[in-house]
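Chain residues, written in single-letter form:
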Amino acid sequence: MIATREEVAELYVAFFLRAPDANGLDFWVGSGMSAEMISASFFDQPETKEKYPDSMINSEFIDTIYRNMFDHGPDVEGALYWDGELKSGNITRANMILAIANGALGSDNDMLENKTEVGIYFADAGINDQGRALAIMTGVTSDYTTVIVAEAQVDVWADDVASYILKTIRDEYVGTEGDDVIKGVTDNSGTTYQGIDSIDGGSGNDRLSITELDEIIYTTKTTQAASVKNIEILEVKDNHKGDSAYSVDLTYYDMSVAKVISGGTSTNTAFGTGVAGQNFDNVVAELKITKSVAAKTTVTYEVGTTVGKSDMMDITMAAAEGTLQSVFTNGIENFTIHAGSGNLSINDSDTYHLNQIIIDGAGSIAMTSSRSTVTTIDASEATGSIVVGTGLFNIVSGTTYSGGSGTDDVTASRGNDRVSGHAGNDKLNGGNGNDEISGGLGVDTLRGGEGQDKFNFANSGDTGITRATADHIMDFSSGSDKIDFGSLAAGSSDTFDPYNALARNFSEALLAANEALSHKNTLIYSFHSDGIDGYLFVDNNGDHLVDEVIVLSGLTRVDSMTYGDIVG
């Protein structure tokens, strides 16, 4: 399995006692190697050999690993166990560091997780300074508050910002003329973000970062309503236990917040409580999701805040790969999704407002929605694979989908949709109604569903010349559905040839089609069947040879298609 960013950052901490530099983290994550392979490579680095020279005896080697990673030596039982593993050959020194890191428990595991989080934060800040990468780790312990302190220092290094850490007493903070970062925690023992606080970011682009650390499983929890103004970025790192809702009360926030960041390890985080007066009074332009687990993020607006048809929100997906992120909001009509990682479900928790979704980026995105009136999904600038579930077409007919260069899997459940895959090997399903489906380049699987559907092959090369490279229409219905080859002429008795004998296989059908095309100058289309599937062979350049073919699944008879099925 390819190593994740978290695994690579943990290896940097375990081997080198430092945060990964930005370039190094990107290199190893992009290498396609597993954590075990990267661990073996790290062990051969001069930086590792300096800390763990070959001259070390086993007991020294084990003791050094523990002290470097956990600031203490192993207990007797652990030392004997690992020594035995080395002597027996069950493990080598090259992979022992990774094994000890993976086996960390209790406070040792907390320390390693905290250092890993700081390491990723350091690399994400774009810093490539090994001296600072070492220095940032010196104060990080199993206490999460040391993470907050370390990340505040990273902010200062990266952005030349002023950083302030809230205290358990009342804070009255007024920011500088530059960019400020204010950090606080809420937990069951030492809350520093409190209702008694007054926070003013001042000028600049200022960020308030709240980390929830409560280890008590609660039904719901809402922050106290601090007085907050001139804060442009509101970040919540929600690490509370359980799947109950953690909500930020926005009663005394002004209208400055333009971006929210939803992160952490919990499954239910809300910006605004849903209670009148405790939600956003302004439309937030950006939402960034950095969750490490499948989670729900809610952004709630006061009644009257979202009006008309032009409210917009950008969503940046930076969640853990493969996790499903559900976004609930009210009254936003237009979304732009920057596809990084994680799957996305969009839900309108008020009424059916959603109108347009634009997707870009290289990440793979899967989208569903239980409540949607979306009419346009434009993924033409996306290079990753896009999966669109039936929910995004749930309410209205006439949806238009435009895919990008990745592999798209689109199902439209209501009528009169326009679904275009563009490049990539796509799977497109029009669902009910009279749909228009265009596979584009690549090997596409097309299904019109119920209704009178049209399949477009407007460009040369939209389908291949062999069965393996051809597009497949899975449910073509002669007399109802149509095929359009763009600039090519419509089907007629002059341009269409229905072969009057079943072929034994695809190869025999191809030979027969080439023979038919060579004997009739006006012929463009030649239809054949092998008793299992139908094949529509096409001469798209007038050279009297087959240039492309469409496989029509289940058309078992030579008369399963007529020239009237082809329109121009």
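**Student:** Can you explain the overall build of the protein? Please cite residues and give values.
**Tutor:** Each helix and strand counted, the protein has 11 helices and 35 strands in total. Each of the 568 residues in the protein was classed as buried or not, and the buried ones make up 51%. Contacts in the protein between residues at least 24 apart in sequence constitute 55% of all its contacts with a sequence separation of at least 6. On the protein, roughly 23400 Å² of surface is accessible, and the fraction owed to carbon and sulfur atoms is 50%. Computing the positive centroid from 33 side-chain charges and the negative centroid from 84, the protein places the two 2 Å apart.

**Student:** Quick rundown of the pattern of salt bridges? Include the residues and the values.
**Tutor:** What the rule picks out here adds up to 19 salt bridges. Its salt-bridge partner being aspartate 124, residue arginine 5 comes within 2.3 Å of it at the nearest N-O pair. Of the two residues, arginine 5 sits in helix α1 (residues 5-16) while aspartate 124 sits in helix α8 (residues 106-124), which places them 119 residues apart along the sequence. When its relative accessible area of 30% is taken as the criterion, arginine 5 is described as partly exposed. Here arginine 467 and aspartate 533 are joined by a salt bridge, their closest N and O atoms 2.8 Å apart. Remark: aspartate 533 occurs in strand β33 (residues 533-538) and arginine 467 occurs in the loop between β28 (454-456) and β29 (471-473); sequence separation between them is 66 residues. On the basis of relative accessibility, which here comes to 9%, the residue aspartate 533 falls in the buried class. Linked through salt bridges whose partners overlap, the residues forming this network are Glu117, Glu151, Asp155, Lys183, Arg207, Glu235 and Lys237.

**Student:** Describe helix α6 (residues 76-88), and please don't skip the residues or the numbers.
**Tutor:** Residues lying three or four places apart along an α-helix face the same way, a consequence of the helix completing one turn every 3.6 residues. The terminal C-alpha atoms of α6 lie 18 Å apart, and with 13 residues this matches the ideal 18 Å at 1.5 Å per residue to within 8%. Looking at α6, one finds that the buried residues are Gly78, Trp82, Asp83, Glu85 and Leu86. Viewed along the axis of α6, the buried residues span an arc of 160 degrees, placing them on a single side of the element. Opposite the buried face of α6, at more than 90 degrees from it, the exposed residues are Val76, Glu77, Leu80 and Lys87. On the buried face of α6, the contacting elements are α5 (58-70) and α7 (93-102). At the C-terminal side of α6, glycine 89 shows a positive phi close to 85 degrees.

**Student:** I'd like a rundown of the confidence of the model for the protein, residues and numbers included.
**Tutor:** Residues with a pLDDT of 70 or more make up 92% of the protein, whose mean pLDDT is 87. Model confidence for the protein, summarised as mean pLDDT per element, is weakest for strand β19 (residues 365-368) at 72 and strongest for strand β4 (residues 198-200) at 97.

**Student:** Can you explain the packing of α5 against α7? Please cite residues and give values.
**Tutor:** Running from amino to carboxyl end, α5 crosses α7 at an angle of 40 degrees, the nearest separation of the two axes being 11 Å. With respect to each other, α5 and α7 are oriented oblique. In this structure, the crossing between α5 and α7 has a hand that is right-handed. Where α5 approaches α7, its residues Asn58, Phe61, Ile62, Ile65, Tyr66, Met69 and Phe70 are matched on the opposing element by Arg93, Met96, Ile97, Ile100 and Ala101.

**Student:** Quick one: what's the story with unusual backbone geometry, residue by residue and with numbers?
**Tutor:** Only a minority of non-glycine residues have a phi that is not negative, and only a minority of peptide bonds are not trans. In this structure, leucine 17 is a non-glycine residue whose phi angle is positive, near 60 degrees. Backbone geometry at histidine 544 places phi at a positive 65 degrees, although glycine is not the residue there. Inspection of the secondary structure puts histidine 544 in the loop between β33 and β34 (548-553). On the basis of relative accessibility, which here comes to 25%, the residue histidine 544 falls in the partly exposed class.

**Student:** A description of the sheet that holds strand β7 (residues 227-229) should follow, citing residues and the corresponding values.
**Tutor:** On the basis of which strands lie adjacent, the open sheet formed by 3 strands has the order β2-β4-β7 and parallel pairing. Whereas interior strands pair on both sides, the edge strands pair on one side only; in this sheet they are β2 (172-174) and β7. The average undirected angle you get between the axes of adjacent strands in this sheet is 5 degrees. Of the pairings in the sheet, the one linking β4 to β7 comprises 3 bridges and is parallel in character. What sits directly across from aspartate 200, in β7, is lysine 229.

**Student:** An account of the environment of alanine 366 is requested, with residue identities and associated values reported.
**Tutor:** Counting through the fold element by element, alanine 366 comes out in strand β19. Measuring from C-alpha to C-alpha, the distance between alanine 366 and valine 410 comes to 9.7 Å, with 44 residues separating the pair along the chain. The residues contacting alanine 366, other than those within four sequence positions of it, are Asn343, Leu344, Ser345 and Val387.

**Student:** Hey, could you go over the layout of surface pockets for me, with residue numbers and the actual values?
**Tutor:** Size it by volume and the second largest pocket reaches roughly 190 Å³. Contributing to the lining of the second largest pocket are Tyr66, Phe70, Pro74, Asp75, Glu77, Gly78, Trp82, Ile100, Gly103, Ala104, Leu105 and Asp108. Those elements that provide at least two residues to the lining of the second largest pocket are α5 and α6. Here the residues of the lining of the second largest pocket sort into 7 nonpolar, 2 polar and 3 charged.

**Student:** Describe the nonpolar core, naming the residues involved and giving the relevant values.
**Tutor:** Within the largest apolar cluster, 72 residues are counted, with the highest numbers of intra-cluster contacts made by Ile483 and Leu536. Counting 49 residues, the second-largest nonpolar core is a separate cluster that includes Tyr12, Ala101, Val147 and Leu213.

**Student:** Describe α1, and please don't skip the residues or the numbers.
**Tutor:** Here α1 spans 16 Å end to end across 12 residues, near enough to the 16 Å set by a 1.5 Å rise per residue. For α1, the buried fraction is high: 9 of the 12 residues fall into the buried class. Regarding α1, the residues found buried are Val8, Ala9, Glu10, Leu11, Tyr12, Val13, Ala14, Phe15 and Phe16. Just past α1, the residue leucine 17 takes up positive phi, approximately 60 degrees.

Cut-offs and rules
Residues numbered from 1 in each chain as written. Predicted model: local features only at pLDDT ≥ 70, side-chain atom pairs only at ≥ 80, totals over all residues. Heavy atoms only, no water. Helix = DSSP H or I, 4+ residues; strand = E, 2+ residues; numbered from the N terminus. Buried < 20%, exposed > 50% of the residue type's maximum accessible area, 1.4 Å probe, protein only. Contact = heavy atoms within 4.5 Å. Areas by Shrake-Rupley, 256 points an atom, 1.4 Å probe, with all protein chains shown as cover. Lys, Arg positive; Asp, Glu negative; His and termini not counted. Charge placed at Lys NZ, Arg CZ, Asp CG, Glu CD. Salt bridge = Lys/Arg side-chain N within 4 Å of Asp/Glu carboxyl O. Expected span 1.5 Å × (residues − 1). Arc of directions from axis to C-beta. pLDDT = per-residue confidence, 0-100. Axes fitted to C-alpha atoms, helices over the stretch in contact; angles between N-to-C directions. Parallel < 35°, antiparallel > 145°, perpendicular 65-115°, else oblique. Left-handed = near helix turned anticlockwise from the far one by under 90°. Pairing = 2+ DSSP bridges. 1 Å grid on protein atoms, 1.4 Å probe; cavity = no way out; pocket = protein on both sides within 12 Å on 5 of 7 lines; lining within 4 Å. Points joined across faces, edges and corners; volume = space filled by probe spheres on them. Nonpolar A, V, L, I, M, F, W, Y, C, P; charged D, E, K, R; others polar. Core = buried A, V, L, I, M, F, W, Y, C linked by side-chain atoms within 4.5 Å.

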